[in-house]
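# Topology and contacts: notes
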Amino acid sequence: MSDPDATPGPPLRGFTRPSSLDLEDLFDEIRQRTQGASRSQTRLAALLDAVVAMSSELDLSVVLTQVIESACTLLEARYGAIGVIDPAGGQLIEFVHHGLEPGEAERIGTLPHGEGLLGLLLEDPVPQRVDDMGSHPQAVGFPPGHPPMRTFIGAPIRVHDAVFGNLYLTEKADGQTFTEDDESVLVALAAAAGIAVDNAQLYRRARRAEEWSKAVGELTQTLLEGRNERSALARMVKQARELGEAEMCALLVPDTEGGLVVQAVDTDGKGLDVRGRVLDDHRWRMLMASRTPVQLRFEPGDIGGGELSNQLRVPAGLPRPATTVVVPMAVGEVEVGLVVLSWGADAPAGVVETMDLLGGFADSMGLAIEAARAQRHRSRAVLLEDRDRIARDMHDHVIQRLFAAGLTLQAVGRIAEGKVAERIEFVVDELDLAVKDIRSAIFELHHGFPQGGLGPELESVVEKATVAFGFVPDVSFEGRLSDIPETLVPDVVAVVREALANVARHARATDARVRVSNTGDDLVVTVVDNGVGLRQDADRSGLANLAGRATRHGGTFEATSTQPSGTLLRWSVPLAGETLEAAALDRMHEETHDDEQDVSGPKRPHDGHALDA
């Protein structure tokens, strides 16, 4: 037991009695470390919550917004942004920001593309910290209306081995600078963001591929159902433009002169219609022959891809700077054409992805177009066979029976007298006219069209009419005659032939003009002469035939007198809407049904023939 009154001995060797000040410092350090550990645990928990929240989303825009908001919360930053990098150009093509008020964003104007400090991560994609942005040698200053910013930290967001974009934060709370711990948290968050972005991109690609595939299915069905090809191609470019989120989509097809012509175009109503425009630059043909999708980018002073895309954009009234994708459409050895998709100066981030989708879309549509054309050729062959069969039947049966009936009536007429003889002679004349009409119909059914299409055929009709006129009628064409459906060609030729025949028989004209115009929506045939005009007592049967041909196609026909003299015949039918091939088959069926009712010959008096009324 120790003696309380004993004198204290010397202190133990190596041990120093702590002062009250040293104990306070020790307690402060322990307290700080405890608080730091608590903050680290809190920050770690917040980081894990942010990772879980990002991973649960599949919409890319939502993922990017959550990444920025989580980063600003974890690092106590006032402003944050993600700059999405263009893989081809190495600059920012999309800038998603957080912390700016709507009015501030509007005052700043155009969002940055990677200049100044933002270019640090573009040049060297590693984490960067700057304590004073204004004094940094790479700083270029802020635009008018931009809020003041001093501290800065950034880190790249990687998806696999490629840099998707950069995560930027500025203005740490209370004017502090960003620390190494902040950098570690930001790097971890960027790594988690890369995984979330990858998942969102995969989901987006799958959804987009599904949308493009659905469009291919609908358009293929439309083409194979035999509907009008022009309207189907118009829908094709419209859907491609909408799915690609582009300013313009056009389909270019080869012409006979070695160039390409704009077959269909869609600009969402923001540009001019350039259908029918011919592009004779040989580079378009080279792109089609390459069978390889190409991306044309605009660069200042560019005379290559940008200038080539402007051959379409400028006539369409669209601004010059653009990113344009050109995808050849081919089936085997057949070059169907080129699909051109064009964006403005701010192209979306997924241009490369869109080009891949457009390539598959073009391949499928090229196959559908060729299959539909082959199907139409087969239908045309069947139609021609039916026409030949009807012509043979009319010649071998109908004409022979009418001719025999006419001979019988002529024999009876020799022994008849008075009004009976007159009636018999009238019927014989009517039978003779019927035989002539049937022979004309047979000629039309058998008549083949020369190589070269509708233009040479119409010129041949006009040339033959020269003999009857005594002068050469003028013939002109507007638009592409090759776009006129083949089943409509016989009616066009018949209309011109009938109109010229009326001029020769009734007009007493010294000049006539024929014009065939393809406006893209309608086919218009006009025949004008300088004769005596339309007489009230003129034979209306020919005009009725022209009106009937227009009505069967949902069109119109009108004949009017012109001043000071002459007649104007205008025949117009729509090129879109109801399938013209189907209309032709229906018309042929109706004519066949009518012929079957009429070929039995004149009815006996007790059957109520019109001549006995």
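What you see is a predicted model, and the numbers here were worked out from it, not measured in a lab. (Residues numbered from 1 in each chain as written. Predicted model: local features only at pLDDT ≥ 70, side-chain atom pairs only at ≥ 80, totals over all residues. Heavy atoms only, no water.)

With that out of the way, let us pick up the overall build of the chain. Scanning the chain from N- to C-terminus turns up 14 helices and 16 strands. For the chain, buried positions account for 40% of its 613 residues. The contacts in the chain between residues at least 6 apart in sequence include a share of 64% that link residues at least 24 apart. Taken as a whole, the chain presents about 33300 Å² of accessible surface, with 53% of it coming from carbon and sulfur. (Helix = DSSP H or I, 4+ residues; strand = E, 2+ residues; numbered from the N terminus. Buried < 20%, exposed > 50% of the residue type's maximum accessible area, 1.4 Å probe, protein only. Contact = heavy atoms within 4.5 Å. Areas by Shrake-Rupley, 256 points an atom, 1.4 Å probe, with all protein chains shown as cover.)

This part takes up unusual backbone geometry. In the segment running from Q563 into P564, the intervening peptide bond is cis, with an omega of 0°. Within the secondary structure, P564 sits in the loop between β15 (556-561) and β16 (567-574). Here E76, not a glycine, exhibits a phi torsion of approximately 55°, which is positive. The topology assignment puts E76 in the loop between α2 (60-75) and β1 (77-85). Relative accessible area serves as the criterion here: at 45%, E76 is assigned to the partly exposed category.

This brings us to the packing of aromatic side chains. This model, assessed by the stated rule, comprises two aromatic pairs. Between W212 and F361, the ring centres sit 5.1 Å apart and the planes meet at 75°, which makes this aromatic pair edge-to-face. Here W212 is found in helix α5 (residues 180-224), whereas its partner F361 is found in helix α9 (residues 351-415), with 149 residues between them in sequence. Summarising the burial analysis for this pair, W212 and F361 share the class buried. (Phe/Tyr/Trp six-rings, centres within 6.5 Å; stacked < 30°, edge-to-face > 60°.)

A few words now on the confidence of the model for the chain. Note that predicted coordinates carrying low pLDDT should not be read in detail. Averaged over every residue, the pLDDT of the chain is 75; residues scoring 70 or more account for 75%. Considering each helix and strand of the chain separately, the mean pLDDT is smallest for helix α14 (residues 580-598), with a value of 42, and largest for β16, with 91. Taken as a whole, residues 577-613 scores under 50 in pLDDT and shows 39 contacts with residues more than four places along the chain or in a different chain. (pLDDT = per-residue confidence, 0-100.)

The nonpolar side chains of soluble globular proteins are, as a tendency, buried together. Ranked by size, the top nonpolar core spans 34 residues in total, and within it M236, L251, M329, L358 and F361 carry the most contacts. Counting only elements with at least two residues in this core, the list comes to α5, α6 (229-243), β6 (248-254), β7 (260-266), β10 (323-331), β11 (334-343) and α9. For this core, the element with the highest residue contribution is α9, accounting for 10 residues. Sequence-distant contacts of L358, defined by excluding residues within four places in its chain, comprise W212, A240, V325, V327, V339 and L341. Ranked by size, the runner-up nonpolar core spans 31 residues in total, among them V495, L500, V516 and F557. (Core = buried A, V, L, I, M, F, W, Y, C linked by side-chain atoms within 4.5 Å.)

Here we take up the side chain of S70. Tracing the chain through its elements places S70 in helix α2. Looking at S70, the relative accessible area reads 15%, which means it is buried.

So, on to the sheet that holds β11. Overall, antiparallel pairing links the six strands, which are arranged β8-β7-β6-β11-β10-β9 in an open sheet. Because the sheet does not close on itself, it has two edges, and the strands there are β8 (278-279) and β9 (294-297). Of the strands in this sheet, β9, β10 and β11 touch α9, which is tilted by about 30° from β10. (Pairing = 2+ DSSP bridges. Axes fitted to C-alpha atoms, helices over the stretch in contact; angles between N-to-C directions.)

On to the sheet that holds strand β12 (residues 474-478), then. Read across the open sheet, the five strands follow the order β12-β13-β14-β16-β15; overall the sheet is mixed. This sheet does not close on itself; its edge strands, each paired only once, are β12 and β15. This sheet shows a mean twist of 10° between the axes of neighbouring strands, independent of strand direction. Two strands pair when backbone bridges link them, and strand β14 (residues 522-529) and β16 are joined in this way by eight bridges, in the antiparallel orientation. Note on β16: the bridge partner recorded for D522 is P574.

Let us now look at the side chain of R313. Here R313 shows up in helix α8 (residues 305-313). Here W343 takes part through its backbone oxygen, which lies 3.2 Å from a polar atom of the side chain of R313. (Polar contact = N/O pair within 3.5 Å; in protein donor to acceptor, adjacent residues only side chain to side chain.)

Within the sequence span of helix α7 (residues 282-290), burial applies to W284, L287 and M288. The buried residues of α7 occupy one face: seen down the axis, they fall within an arc of 95°. Among the exposed residues of α7, those pointing more than 90 degrees away from its buried face are H282 and M286. Of the residues one or two after α7, R291 is the one with positive phi, at around 60°. (Arc of directions from axis to C-beta.)

Turning to the pattern of salt bridges, a few remarks are in order. In total, this model carries 13 salt bridges according to the counting rule given. E183 serves as the salt-bridge partner of R129, at 2.8 Å between the closest nitrogen and oxygen. Here R129, found in strand β3 (residues 128-130), pairs with E183, found in helix α5; they are 54 residues apart in sequence, far enough to count as distant. Classification of R129 by relative accessible area gives partly exposed; the value is 34%. Residues R241 and E242 are paired through a salt bridge, measuring 3.9 Å at the closest nitrogen-oxygen approach. Given a relative accessible area of 42%, E242 falls into the partly exposed group. Each of K238, R241, E242 and D266 takes part in salt bridges that share partners, so that together they form one network. (Salt bridge = Lys/Arg side-chain N within 4 Å of Asp/Glu carboxyl O.)

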